[in-house]
Amino acid sequence: MTAPLARSVTVGERRFSTGWLAFWGCVIALLGVSFAVQPGLFVDQAVSGLVYGMILVLVTLGLSIILGLLGVVNFAHGSLFMLGAYLTFHAMTVWGLPFYVTLLLVPIGVGIVGVVMERLVLQHVYDENPLIGFLATFGLALMLEEAIRAVWGSSPLTVDVPVELATGVDLLVTSVARFRLFTVALATVTVIGVYLLITRTNFGLSVRAGVLDREMAEFLGVNMPVRFVLVFFLGTAIAGLGGVLRGAEITMDLGMGQSMVILAFVVVVIGGVGSLFGSVVAGIIVGETMYLTPTVLRSLSILTGVEALEIQAVGGIMPYLVMIGVLLVRPRGLFGQEGFLE
C-alpha cells in the first residue's frame, strides 16, 4: 500500500470512529434528558424494552440455531412460539397445572411438535434450494395457525401468573412486576446454557463439525440425523419457552406468532446470520428502541413544547429503521462474519 493511500485509509477510519462516537454521544444525551424529564416512565419503558427484547432473543435464538446449524429458514418458528402460549393457557386453565410445571412441560411439548415437523417434512429439504425449505415452513406455519384457531378459537385469552410473581418490585422511581424480572433472568440463563451447549460440549462440537463436513463427520461415527433432530428439538423448545413467558404476561391472540417471527428475522439480520451473540445483542437493541424511542420523543416534546414530536407509533417502525441503518454500515450485520456461528 502506497503512503498516500495508507494516509487516506487512516483518515477515513478516524472519521468513521469520530462519527460513531458522536452518534453514541447523542444517543446517551437523549436518554439522559428523557430520564431527567420523566424518570418513572423512562425506567418503566426501559424495563419493558428489556423484557420484550429477551423474549425476542429466545425466539431468535431458536431460529438462529436452526438456520445456522441446519440451514433451514424456519418461517413456522413464530407459530411454534404462539403454540407455546396457547398450550400454556390450556395447561393452566383446562388441566389446572401450576405455572412452574407448565413452564417445564410446554417447551418440551412444543419441541416434540417441532421434531414431528422435522421428521415428516424438513429432513427432505436440507440439501435443496433454501427457498424450498422456506416455502415448506411457510405452509407449516399456516397449518399450525389454523389448528390453533380450530382448538382455541380466535378470541383473546389470558392466564394468571403466580401471586409471588405478580407483585411489584420498587425501583425508587417506579414499580416493576416480579414476573418481568423473572422473564429476564430465565431468558439470560437459557442463552448462557445454549451457548455453552453449542460451544463447550462434545454434542455441540459434533453438530458444528457435521454442518461443515457431514460426510467426514459420519465417516468418523457421528450420527448426524439424530443430532439434527435434537438441534431442531432444542430450537423449537426455546421458542415454546418464549411463548410461555409472553403468553403469561400479555393477552394471547392469533397474530402474535406472525408479528414475532418477522421481528425475529429482523433481529437475525441485525445481529448477523449464524451469530448467537449477535442475536442476543440485536434482540435487546430492538426491544429497547421500540419502547424507549416514543418515550424520548415525548420528553423532547415536553421540553420544547412541540407536540408534533410526540409520535407514539414510531416504536413499531424502529426495528426496521435499525436494520436499514446497520445494513448500510455493515451488510453482514453487527457480528456476522464468514464462518460457523461467528
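You'll find the structure just up there.
Residues numbered from 1 in each chain as written. Predicted model: local features only at pLDDT ≥ 70, side-chain atom pairs only at ≥ 80, totals over all residues. Heavy atoms only, no water.

A. Representation of the overall build of the protein chain within the structure. Per the secondary structure count, the protein chain includes 13 helices and two strands. Relative to its length of 342 residues, the protein chain is compact, with a C-alpha radius of gyration of 22 Å against a globular reference of 20 Å. For the protein chain, the spread of C-alpha atoms along the principal axes amounts to about 65 × 60 × 35 Å. Here the protein chain holds 342 residues, and 46% of them are scored as buried. For the protein chain, the proportion of contacts with a sequence separation of at least 24, taken over those separated by at least 6, is 77%. Summing over all exposed atoms, the protein chain offers an accessible surface of approximately 16600 Å²; the carbon and sulfur share of this is 69%. Taking the average place of the 15 positive charges on the side chains of the protein chain and the average place of its 20 negative ones, the gap between the two points comes to 10 Å. (Helix = DSSP H or I, 4+ residues; strand = E, 2+ residues; numbered from the N terminus. Rg over C-alpha atoms; globule rule 2.2 N^0.38 Å. Buried < 20%, exposed > 50% of the residue type's maximum accessible area, 1.4 Å probe, protein only. Contact = heavy atoms within 4.5 Å. Areas by Shrake-Rupley, 256 points an atom, 1.4 Å probe, with all protein chains shown as cover. Lys, Arg positive; Asp, Glu negative; His and termini not counted. Charge placed at Lys NZ, Arg CZ, Asp CG, Glu CD.)

B. Spatial organisation of the layout of surface pockets. Taken as a whole, the largest pocket encloses approximately 730 Å³ of empty space. If you trace the largest pocket, you find 23 residues lining it, with Phe-23, Trp-24, Val-27, Ile-285 and Thr-289 closest to the centre. When residues of the lining of the largest pocket are traced back to their parent elements, those giving at least two are α1 (3-37), α12 (276-304) and α13 (314-329). No other element matches α12, which puts eight residues into the lining of the largest pocket. Residue classes in the lining of the largest pocket are distributed as 18 nonpolar, three polar and two charged. (1 Å grid on protein atoms, 1.4 Å probe; cavity = no way out; pocket = protein on both sides within 12 Å on 5 of 7 lines; lining within 4 Å. Points joined across faces, edges and corners; volume = space filled by probe spheres on them. Nonpolar A, V, L, I, M, F, W, Y, C, P; charged D, E, K, R; others polar.)

C. Spatial organisation of α12. The end-to-end C-alpha distance of α12, which contains 29 residues, comes to 41 Å, matching closely the 42 Å that a straight helix rising 1.5 Å per residue would cover. Its maximal kink placed at Leu-292, α12 deviates by approximately 35 degrees, while the proline Pro-294 follows within four residues. One or two steps after α12, the chain reaches Gly-305, where phi turns positive at roughly 80 degrees. (Expected span 1.5 Å × (residues − 1). Bend = angle between axes of the 7 residues up to and from the residue.)

D. Layout of the packing of helix α3 (residues 77-94) against helix α4 (residues 99-120). Two elements in contact, α3 and α4, have axes whose closest approach is 9 Å; the angle formed by their N-to-C orientations is 135 degrees. One way to sum up the angle between α3 and α4 is to call them oblique. Considering the relative orientation of α3 and α4, their crossing is right-handed. Facing α3, whose interface residues are Leu-80, Leu-83, Gly-84, Leu-87, Thr-88, Ala-91 and Met-92, α4 presents Phe-99, Thr-102, Val-106, Val-110, Val-113 and Met-117. (Axes fitted to C-alpha atoms, helices over the stretch in contact; angles between N-to-C directions. Parallel < 35°, antiparallel > 145°, perpendicular 65-115°, else oblique. Left-handed = near helix turned anticlockwise from the far one by under 90°.)

E. The environment of Phe-233, seen in detail. Checked against the element boundaries, Phe-233 lands in helix α10 (residues 224-249). On the accessibility criterion, Phe-233 (27% relative accessible area) is partly exposed. Between the alpha carbons of Phe-233 and Gly-62 there is a distance of 9.3 Å; along the sequence they are 171 residues apart. In contact with Phe-233, other than residues within four places in its own chain, are Ile-108, Gly-111, Ile-112 and Val-115.

F. Spotlight on the pattern of salt bridges. Under the definition given, this model contains six salt bridges. In this structure, Arg-180 engages Glu-249 in a salt bridge whose closest nitrogen and oxygen atoms are separated by 3.1 Å. Remark: Glu-249 occurs in helix α10 and Arg-180 occurs in helix α7 (residues 178-200); sequence separation between them is 69 residues. For Glu-310, the salt bridge identified is with Arg-298, shortest N-O distance 2.6 Å. With Glu-310 in the loop between α12 and α13 and Arg-298 in helix α12, this residue pair connects regions lying twelve residues apart in the sequence. The exposure class assigned to Glu-310 is partly exposed, which follows from its relative accessible area of 33%. Judged by relative accessible area, which is 30%, Arg-298 ranks as partly exposed. Members of the salt-bridge network, linked through shared partners, are Glu-145, Glu-146 and Arg-149. (Salt bridge = Lys/Arg side-chain N within 4 Å of Asp/Glu carboxyl O.)

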